[in-house]
Amino acid sequence: MLRLAFLLGVVSLLPECGRDETLTGYGASDTTWALTELHGAPFGASATLRFPEEGRIEGQAPCNTFTGQQSQPYPWFRAEQVASTRR
């Protein structure tokens, strides 16, 4: 927790001009997040979430893929205008 607080403090000192304030700008674009637990119970299916570029989300639900817009500044995000495939 101390490392996270330190990192957030250092990041807050960086210049704001042109900064990507979404999760993508803070390194999340290199990571695929996998849902492993839901409401305290193991999640048996496959579901992923990625932040491929500034302002975008994409992922794989158990049956369909999805894409959408990401808003709200780091460390939060809001998924908007979500579209999914239909299988």
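Residues numbered from 1 in each chain as written. Predicted model: local features only at pLDDT ≥ 70, side-chain atom pairs only at ≥ 80, totals over all residues. Heavy atoms only, no water.

A. Inspection of the confidence of the model for the chain at higher detail. Here the chain shows a mean pLDDT of 79. Residues at 70 or above account for 79%. When mean pLDDT is taken per element in the chain, strand S3 (residues 41–42) scores highest with 94 and helix H1 (residues 2–12) scores lowest with 47. Long-range and interchain partners of residues 1–11, a stretch whose pLDDT sits below 50, account for three contacts in this model, where long-range means more than four residues apart. (pLDDT = per-residue confidence, 0-100. Helix = DSSP H or I, 4+ residues; strand = E, 2+ residues; numbered from the N terminus. Contact = heavy atoms within 4.5 Å.)

B. Representation of the pairing of strand S7 (residues 78–84). Here strand S6 (residues 65–71) runs beside S7; their pairing, made up of five bridges, is antiparallel. Looking at the pairing, Gln-69 lines up with Glu-80 of S7. Turn length for the S6-S7 hairpin, with the two strands adjacent in sequence and antiparallel, is six residues, and the turn residue Gln-72 shows positive phi of about 80 degrees. (Pairing = 2+ DSSP bridges.)

C. Region of the structure containing the pattern of salt bridges. According to the stated counting rule, one finds one salt bridge in the structure shown. Its salt-bridge partner being Glu-58, residue Arg-50 comes within 2.8 Å of it at the nearest N-O pair. (Salt bridge = Lys/Arg side-chain N within 4 Å of Asp/Glu carboxyl O.)

D. The arrangement of the side chain of Asn-64 in detail. Mapped onto the elements of the fold, Asn-64 is located in the loop between strand S5 (56–60) and S6. At 3.3 Å, the side chain of Asn-64 forms a polar contact with the side chain of Thr-85. Setting aside chain neighbours within four positions, we find Asn-64 in contact with Gly-59, Thr-85, Arg-86 and Arg-87. (Polar contact = N/O pair within 3.5 Å; in protein donor to acceptor, adjacent residues only side chain to side chain.)

E. Quick look at the sheet that holds S6. Within the open sheet, the five strands sit side by side as S1-S4-S5-S6-S7. Their pairing is antiparallel. The sheet is open, and its two borders are formed by strand S1 (32–34) and S7, each paired with just one other strand. Taken over all neighbouring pairs, the strand axes of this sheet differ in orientation by 25 degrees on average, direction set aside. In this structure, S5 lies alongside S6, joined through five bridges in antiparallel fashion. In the strand pairing of S6, Arg-56 is matched with Gln-69. (Axes fitted to C-alpha atoms, helices over the stretch in contact; angles between N-to-C directions.)

F. Main features of the pairing of S5. Of the two faces of S5, the one holding Ile-57 and Gly-59 is buried and the one holding Arg-56, Glu-58 and Gln-60 is not buried anywhere. In this structure, strand S4 (residues 48–50) lies alongside S5, joined through three bridges in antiparallel fashion. Across the sheet, Leu-49 pairs through a bridge with Gly-59, a residue of S5. In this antiparallel pair of consecutive strands, S4 and S5, the connection spans five residues, and Gly-55 shows a positive phi of 80 degrees. Where S5 folds back on S6, the antiparallel hairpin that results is connected by four residues. (Buried < 20%, exposed > 50% of the residue type's maximum accessible area, 1.4 Å probe, protein only.)

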